[in-house]
Amino acid sequence: MASNDPKNGGGFFASLASSITNFGSAMSKSVNGLMGYEGLEVINPEGSTDDAEEEAGRGRWKQEERDGYWKMMQKYIGSDVTSMVTLPVIIFEPMTMLQKMAELMEYSYLLDMADKTEDPYMRMVYASSWAISVYYAYQRTWKPFNPILGETYEMTNHNGINFIAEQVCHHPPMSAGHAENEHFAYDCTSKLKTKFLGNSIDVYPVGRTRVTLKRDGVVLDLVPPLTKVHNLIFGRTWVDSPGEMVMTNLTTGDKVVLYFQPCGWFGSGRYEVDGYVYNSAEEPKMLMTGKWNESLSYQPCDAEGEPLPGTELKEVLSISLL
């Protein structure tokens, strides 16, 4: 499997992944010149040539708000701030985390298709595309409110789906969600760990997500990549999710490994996702490529990860931003 991993060379995406890696990470600009902010960085995904002070002045914060919030937050650098910090209301959007969890049901028709198909590899293509579909919502950089302990949210008969979620723990925040229709049952325990880095924060998903496809009783397990939120205090806030998403068919041993490219110089690689569907012997069967904010496509491939002759990329997911 390692030789066909899009990160490690070999296969259809080797040259693409290599060239993106050579760009390095996103353009980072120190704000050392701003008194009291030594060591902080403003990261511009477009990699423009604006000086750090001008870039740092952009975003949702007024100067006095940034100063006050930085004085409060600097003592938490390196810490998990999931439940220890009272955050200003200016960074929130008018919804709770329970409602945010329900956004994963927007493209649930892909799970219906995964349940209906006879092809075990197309099943993984459909199911992993569904898992990626929620990332378009990450372009909204406002934070949902934490629900109170015992709070619930219910969405009834959304395209035939009933969804319910409950806040089951307050410190640390933890939510449980369940959705179901005639084709699938979805169960999720949402738990996060964070690492505050000054002007950015790393968010590590440590909960569990499983989907049961009802026709054959297939159980799918999802492990998403971490999420990095840049420019929390200084600059324009934006989100990246570099790393691997792994979806495993616990019934057959098939799996999907999709690599989310990190944002590079001048936005190179931002939003890009590529990888393979593997069988239980860890041989690639389908290559997948696209952008998590636009669309995702697939194509059958050989044992080396190269597209099969006579086949072409076919779109499986197209994101519509409302």
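About the cut-offs
Residues numbered from 1 in each chain as written. Predicted model: local features only at pLDDT ≥ 70, side-chain atom pairs only at ≥ 80, totals over all residues. Heavy atoms only, no water. Helix = DSSP H or I, 4+ residues; strand = E, 2+ residues; numbered from the N terminus. Polar contact = N/O pair within 3.5 Å; in protein donor to acceptor, adjacent residues only side chain to side chain. Contact = heavy atoms within 4.5 Å. Salt bridge = Lys/Arg side-chain N within 4 Å of Asp/Glu carboxyl O. Buried < 20%, exposed > 50% of the residue type's maximum accessible area, 1.4 Å probe, protein only. pLDDT = per-residue confidence, 0-100. Phe/Tyr/Trp six-rings, centres within 6.5 Å; stacked < 30°, edge-to-face > 60°.

> Tell me what's going on with unusual backbone geometry, and back it up with residues and numbers.
With an omega of -5°, the peptide bond running from H171 to P172 counts as cis. Position of P172 among the secondary structure elements: in the loop between β6 (161-169) and β7 (174-180). Backbone geometry places N159, a non-glycine residue, at a positive phi of 55°. Among the structural elements, N159 can be located in the loop between β5 (152-158) and β6.

> Quick rundown of the side chain of S133? Include the residues and the values.
Here S133 shows up in helix α6 (residues 120-133). For S133, the side chain forms a polar contact with the main-chain oxygen of W130, separated by 2.6 Å. In contact with S133, not counting residues within four places along its chain, are Y107, L317 and I319.

> So what's going on with the pattern of salt bridges? Residues and values would help.
Counted by the stated rule, this structure contains ten salt bridges. R140 is paired through a salt bridge with E103; the nearest N and O atoms lie 2.9 Å apart. Taken together, the residues R140 in the loop between α6 and β4 (143-145) and E103 in the loop between α4 (97-102) and α5 (109-116) connect sequence positions 37 residues apart. According to the relative accessible area criterion, R140 is partly exposed, its value standing at 29%. In this structure, R215 and E118 form a salt bridge, with 3.2 Å as the shortest nitrogen-oxygen distance. Separated by 97 residues along the polypeptide, R215 in the loop between β10 (208-213) and β11 (218-223) and E118 in the loop between α5 and α6 bring together distant segments of the chain. Owing to a relative accessible area of 38%, R215 belongs among the partly exposed residues under this scheme. Residues participating in the shared-partner salt-bridge network are E93, K100, E103 and R140.

> Can you lay out the confidence of the model for the protein chain for me, pointing to particular residues and giving the numbers?
Mean pLDDT over the protein chain works out to 85, with 85% of the residues at or above the 70 mark. Least confident of the elements in the protein chain is helix α1 (residues 14-22), whose mean pLDDT is 43; most confident is strand β15 (residues 255-260), at 98. In this model residues 6-12 is a low-confidence stretch, pLDDT under 50, and it forms 26 contacts with partners more than four residues away in sequence or in other chains.

> Which residues make up the packing of aromatic side chains, and what values go with them?
Taken as a whole and assessed by the stated rule, the structure comprises nine aromatic pairs. Judged by centre distance (5.0 Å) and plane angle (50°), the rings of Y135 and F260 are tilted. Of this pair, Y135 sits in the loop between α6 and β4 while F260 sits in strand β15; the two residues are 125 residues apart in sequence, bridging distant segments of the chain. For F260, a relative accessible area of 0% corresponds to the buried category.

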